[in-house]
Amino acid sequence: MSYYSISRINTYNSCPQKYKFHYIDRIKPPAGEVSLNSLVGICVHQTLETMYRKYMSTKIWPSLEEIKEEYETIWDQEYSQNIITIHLSDNPEKFKSDGLKILNTYFLQQKEKEVIAQTIAVERSFFVTIDGYKIKAIVDRIDYEEKDTFLIHDYKTTSRFPEVKNLETDRQLPLYQMAVKETYPDVKNISLTWHFLRFNKSVTITKNDRELNEIKEDIVENIKTIELDRNYQPNKTPLCDWCSYKDICPAFKHSFTLKSLENNILDEGYQAVNELAAIQFKMKEHKFAIKKLEEEKKQWEIRATDYAVLKNLTSLEGEDHELTVDVKKEIAFPDSKDPARVYLENFLKENDLWEKASIMYSSKIKKVLIDPTVSKEIQKELMSFSYVKDSTSCRLKRKKE
Ligand code: SF4
């Protein structure tokens, strides 16, 4: 293995199977197969790169006309018929013009600001070595400001503004910081800025050495997990619709196979799933029937017990079975639904008996009543929480011939 990158690690975290396809089996997705959203991101990034390169050499801010020309040239080069269209209503021209709007807004805003920082690099590749693992970072742009301050910029064209907690735990920009620090050891301050271009908003953060070390440890742990994986399980999520490997993915391949068959019933996998579903359905039905029978049984036990108590009987006879009815009185304590339970719990805690009776079953508390290490007064007081309840049980057995 040559090197890792944060996007490689993130691919594993989002789906180990996709990681395997891409980085281990090195299966190339069909040429040009990207979503329209990704295409906007690619074209916007490339235009920004070209414009900033020009600005670095000429120090002349690009006009909107130049930006448009550059962006449209890139779009036409990148656009392919193999674009993944998620929604049938997706209109490529609309996506194209969205990208241009994003660029116009960004450049106008940057022009309005007094540009005091000096751009020193765009799309610059670095390698950082952490714990023996080589990690590649490609930084969108680095500006230099007075007082030995570097500003690292990252452009985002995502259509959702991320939550602050996700930005705080992001590892990409801190990795850029590690890379820049290694390359320019004299630099004193480094700030990290995301430009959320669709929202015309920027977020800037800084990371201290302790935070960077924590991120390093986290990255190493993540890489070790990847290297220990031998299964690369698919992770089915709604994002699979955007995955270029869907038709060869073990989680979806069968449905593609079925679509190509004239008669699905001939497929053994299809048959097995249907049979299992039918069995599961029957089991559910039986479960429901058993529950109903249990309720019915309970009702008949109550009726039998009431009859036995009324007639002072302990055994009832049917046609070929007999029923033994036990009716006993026993000491019980308030259960969790009983308001008196709070007083009982307080009493146990105040008298250091909570541990002994901590599982609040009557049987446990009853043990406290006969525990020789508990004083008679306390046992007496504990007894005052109790009440006597009827306990009944029924046992049905086949009558002897
Ligand atoms: S289709 Fe989904 S589960 Fe399969 S590889 Fe792609 S992301 Fe992973």
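One structure accompanies this document, and this report is about it.

### Looking at the site of the ligand
Right, on to step 1. Surrounding the ligand, one finds Cys15, Gln17, Lys18, Pro234, Asn235, Cys240, Cys243, Lys246, Cys249 and Phe252.
Right, on to step 2. Looking at the shell around the ligand residue by residue, the class counts come to six nonpolar, two polar and two charged.

### As for the pairing of strand 4 (residues 149-156)
Right, on to step 1. Among the eight residues in strand 4, seven count as buried, and that is most of the element.
Right, on to step 2. Sheet topology note: the strand 3 (residues 133-145)/strand 4 ladder contains five bridges and is antiparallel. Among the inter-strand pairings, Tyr144 is bridged to a residue of strand 4, identified as Phe150.
Right, on to step 3. Once strand 3 ends, the chain turns through three residues before running back antiparallel as strand 4, passing Lys147 with a positive phi of about 60 degrees.
Right, on to step 4. In the sheet, strand 4 pairs with strand 5 (residues 189-196) via eight bridges, with the strands oriented parallel. From the neighbouring strand, Asp154 faces strand 5, where its bridge partner is Trp194.

### Observations regarding the pattern of salt bridges
Right, on to step 1. For the structure on display, the rule yields 19 salt bridges.
Right, on to step 2. Note that Asp154 is salt-bridged to Lys156, the shortest N-O span being 3.1 Å.
Right, on to step 3. Between Asp218 and Arg171 there is a salt bridge, and its shortest N-O distance comes to 3.1 Å. Here the residue Asp218 occupies a position in helix 8 (residues 209-228), and Arg171 occupies one in the loop between helix 6 (164-168) and helix 7 (172-183), the gap between them amounting to 47 residues.
Right, on to step 4. Classification of Asp218 as partly exposed rests on a relative accessible area of 36%.
Right, on to step 5. In the salt-bridge network here, residues are joined through shared partners; they are Lys297, Lys298 and Glu301.

### Quick notes on the pairing of strand 8 (residues 321-332)
Right, on to step 1. Relative to strand 8, strand 7 (residues 315-317) runs antiparallel, the two sharing three bridges. Looking at strand 8, one finds that Glu317 is bridged to Glu322.
Right, on to step 2. Between strand 7 and strand 8, which pair antiparallel one after the other, the connecting turn spans three residues.
Right, on to step 3. Summarising the sheet, strand 8 and strand 9 (residues 387-398) pair through twelve bridges and their orientation is antiparallel.

### As for the sheet that holds strand 7
Right, on to step 1. Strand order in the open sheet formed by three strands is 7-8-9, with antiparallel pairing between adjacent strands. With partners counted over all chains shown, the strands left at the sheet margins are strand 7 and strand 9, one partner each. Across the sheet, the mean angle from the axis of one strand to that of its neighbour is 20 degrees, orientation sign disregarded.
Right, on to step 2. Lying over the sheet, helix 10 (residues 268-311) contacts strand 7, strand 8 and strand 9, oriented at roughly 80 degrees with respect to strand 8.

### A closer look at the environment of Lys400
Right, on to step 1. Tracing the sequence through the fold places Lys400 in the segment after strand 9.
Right, on to step 2. Note: C-alpha distance between Lys400 and Asp352 (48 residues apart in sequence) is 53 Å.

### Overview of the nonpolar core
Right, on to step 1. One finds Tyr4, Ile130, Leu175 and Ile219 to be the most contacted residues of the largest nonpolar core, which totals 36 residues.
Right, on to step 2. Mapped by element, the contributors of at least two residues to this core are helix 1 (6-14), helix 2 (16-24), strand 2 (118-130), strand 3, strand 4, helix 7, strand 5 and helix 8.
Right, on to step 3. Non-local contacts of Ile130, meaning those with residues more than four positions away in its chain, are made with Ile135, Leu175, Met178, Lys216, Ile219 and Val220.
Right, on to step 4. The next biggest cluster of nonpolar side chains, apart from the first, holds 24 residues, and it includes Leu39, Cys43, Tyr52 and Trp61.

Cut-offs used in this document
- Residues numbered from 1 in each chain as written.
- Predicted model: local features only at pLDDT ≥ 70, side-chain atom pairs only at ≥ 80, totals over all residues.
- Heavy atoms only, no water.
- Near = heavy atom within 4 Å.
- Nonpolar A, V, L, I, M, F, W, Y, C, P; charged D, E, K, R; others polar.
- Buried < 20%, exposed > 50% of the residue type's maximum accessible area, 1.4 Å probe, protein only.
- Helix = DSSP H or I, 4+ residues; strand = E, 2+ residues; numbered from the N terminus.
- Pairing = 2+ DSSP bridges.
- Salt bridge = Lys/Arg side-chain N within 4 Å of Asp/Glu carboxyl O.
- Axes fitted to C-alpha atoms, helices over the stretch in contact; angles between N-to-C directions.
- Contact = heavy atoms within 4.5 Å.
- Core = buried A, V, L, I, M, F, W, Y, C linked by side-chain atoms within 4.5 Å.

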